[in-house]
Amino acid sequence: MPELPEVELVKRELSTVQGLTIERVEVSEKVTLGHNAGKLTVVKEPVDVFMKNTENMKIISLGRRGKYLYFILQNGDRVKYLIGHLGMSGAFFHLDSLDDIVEYNFRKHWQVIFRLSDGSMLVYADIRRFGELRTIDRLSDFLPVVRMAPEYDDEAAAEHFVGAVRHPANAGKAIKAVIMDSTVVTGAGNIYACESLYDAGILPTRKAGNVSVKRLRDLFQAIVDVFELSLSQGGSTISDYRSSTGGSGEMQNRFKVYQRKICPEGHDITTKVIAGRNTFYCTKCQR
Ligand SMILES: [Zn+2]
């Protein structure tokens, strides 16, 4: 699943759509069949509303909040946000033709095509269809964003993190489960939670209420450092994640515990399911 660095990289790569107008929107047969069956497959509102809110709108700019990517659309006084979440395996592509999508599975599983005013297209492809696209009037209308912690590079983020982890409701939960909660810190999924806990020397199974404030500050800094390392490496390329241009990042080569057998200090890695996700850690380096 793409985490914050991967979504940020997609946002940067898609800056080429800025200034273009969405002339026409097409949805896949899977989306249509899903909607006809009463399931809001990928497009989380009626397709006619989605089209009305995006067609003939100019893409003014792009933004990211946590793992959500958004496009600000405008036509005269009318402004809409097209907001998307890549789910498990979503990807955006900006290209001239579907044939330009290198990976067969993404080419085959396109879900939404936005035809743009210069003849190019913005394609949302999603093999497993857990991703989400919707339109909203403003970010403050969208509850997952309203509840979200400050961005990791916001100066208030570290204090928010310490306070949120130490909230009594989290005291008995595993620290790893708590840091994957977007109301605590934005954008840390399974991979970066495992890696940052290793860097901070904290066992993922430790109860959040038993981690000192000093260690929580170290952990927050470890999360920031792991995000920034990943951004510098072009993100992680594992299983379903592909950048919008079909390129691949190198962060997976820098993992210290995630999907590893031996930690950098030469100890055996332990794996355990925490909060439904396979967790990798070292019982010697982490306590
Ligand atoms: Zn170790």
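Preceding this section is the structure that the text describes.
This one's a predicted model, so the numbers in the text were calculated from it and none came from an experiment. (Residues numbered from 1 in each chain as written. Predicted model: local features only at pLDDT ≥ 70, side-chain atom pairs only at ≥ 80, totals over all residues. Heavy atoms only, no water.)

Chemist: Please explain the sheet that holds strand S8 (residues 132-136) as it appears in this structure.
Modeler: Each strand in a sheet pairs with another by means of backbone hydrogen bonds, the pair being arranged parallel or else antiparallel. Spatially, the eight strands line up as an open sheet ordered S5-S7-S6-S1-S2-S3-S4-S8, and their pairing is antiparallel. A single partner strand is all that each edge strand has here, and the edge strands are strand S5 (90-95) and S8. Going from strand to strand, the sheet's axes swing by 25 degrees on average, the running direction of each strand aside. Pairing geometry for strand S1 (residues 21-27) and strand S2 (residues 57-65), over two bridges, is antiparallel. Within S2, the residue paired with Ile-22 across the bridge is Met-57. Contacts between helix H1 (residues 4-13) and the sheet are confined to S2, strand S3 (68-75) and S5, with S2 contributing the most and set at about 155 degrees to the helix. (Pairing = 2+ DSSP bridges. Helix = DSSP H or I, 4+ residues; strand = E, 2+ residues; numbered from the N terminus. Axes fitted to C-alpha atoms, helices over the stretch in contact; angles between N-to-C directions. Contact = heavy atoms within 4.5 Å.)

Chemist: Explanation requested: unusual backbone geometry in the structure shown.
Modeler: Backbone geometry at Gln-259 places phi at a positive 60 degrees, although glycine is not the residue there. You can see Gln-259 is positioned in the loop between helix H9 (213-232) and strand S9 (270-274). Here Ala-275, not a glycine, exhibits a phi torsion of approximately 50 degrees, which is positive. Mapped onto the elements, Ala-275 comes out in the loop between S9 and strand S10 (277-281). Judged by its relative accessible area of 58%, Ala-275 is exposed. (Buried < 20%, exposed > 50% of the residue type's maximum accessible area, 1.4 Å probe, protein only.)

Chemist: Quick question: what am I supposed to make of helix H2 (residues 29-36) here?
Modeler: Two residues of an α-helix separated by three or four positions point the same way, owing to the 3.6 residues in each turn. Three or more residues of H2 are buried, namely Val-31, Gly-34 and His-35. Projected onto a plane normal to the axis of H2, the buried residues spread over an arc of 95 degrees and lie on a single side. For H2, the exposed residues lying more than 90 degrees away from the buried face are Glu-29 and Asn-36. Those residues of H2 hidden inside the fold are in contact with S1, helix H3 (47-54) and strand S6 (110-116). Within two residues after H2, Gly-38 carries a phi angle of roughly 85 degrees, on the positive side. (Arc of directions from axis to C-beta.)

Chemist: Honestly, the side chain of Asn-53 in this entry has me stumped. Any pointers?
Modeler: Relative to the helices and strands, Asn-53 resides in helix H3. Of the polar contacts made by the side chain of Asn-53, one reaches the side chain of Thr-135; its length is 2.9 Å. Residue contacts for Asn-53: discarding those within four places in its chain leaves Leu-73, Arg-78, Lys-80 and Thr-135. (Polar contact = N/O pair within 3.5 Å; in protein donor to acceptor, adjacent residues only side chain to side chain.)

Chemist: What am I meant to see in the pairing of S10 here?
Modeler: Regular strands place their side chains on alternate faces of the sheet. Sheet topology places S9 next to S10; five bridges connect them, and they run antiparallel. Within S10, the residue paired with Ile-274 across the bridge is Arg-277. In sequence, S9 turns back onto S10 through a hairpin of two residues, with Ala-275 there showing a positive phi of about 50 degrees.

Chemist: Could you clarify how one ought to interpret the layout of surface pockets in this entry?
Modeler: With a probe scaled to a water molecule rolled over the atoms, the places where space remains empty come into view. Taken as a whole, the largest pocket spans an internal volume of roughly 230 Å³. Taken together, 19 residues form the lining of the largest pocket, with Lys-67, Tyr-68, His-85, Met-180 and Ser-182 sitting closest to its centre. Residues lining the lining of the largest pocket come from more than one domain, with at least three contributed by each of domain 1 (4-146) and domain 2 (157-281). (1 Å grid on protein atoms, 1.4 Å probe; cavity = no way out; pocket = protein on both sides within 12 Å on 5 of 7 lines; lining within 4 Å. Points joined across faces, edges and corners; volume = space filled by probe spheres on them. Domains from an automatic or database assignment.)

Chemist: Would you mind going over the nonpolar core with me for this structure?
Modeler: Among the nonpolar cores identified, the biggest contains 41 residues, and Phe-161, Val-165, Ile-175, Ile-179, Leu-216 and Leu-219 are the most heavily contacted of them. Of all the secondary-structure elements, those providing two or more residues to this core are H1, helix H6 (157-165), helix H7 (175-179), helix H8 (190-200) and H9. The element best represented in this core is H9, accounting for nine residues. Membership of the second largest hydrophobic core comes to 28 residues, among which are Val-7, Met-57, Phe-114 and Leu-133. (Core = buried A, V, L, I, M, F, W, Y, C linked by side-chain atoms within 4.5 Å.)

Chemist: Looking at this structure, I do not really get the coordination of the zinc ion. What am I missing?
Modeler: Think of it this way: four donors in a tetrahedron around the metal ideally sit 109.5 degrees apart, and six in an octahedron ideally sit 90 or 180 degrees apart. Of the protein atoms, only Cys-263 (SG), His-267 (ND1), Cys-282 (SG) and Cys-285 (SG) coordinate the zinc ion, at distances of 2.2 to 2.3 Å. Note that the zinc ion binds four donor atoms; their angles at the metal cover 99 to 124 degrees, and the shape is tetrahedral. The sequence motif formed by the donor residues of the zinc ion is C-x3-H-x14-C-x2-C. What makes Cys-282 buried here is its relative accessible area of 0%. For Cys-285, a relative accessible area of 24% translates into the label partly exposed. (Donors = N, O, S within 2.8 Å, 3.2 Å for Na, K, Ca; no water. Tetrahedral: all angles 85-135°; square planar, octahedral: opposite > 155°, others 65-115°.)

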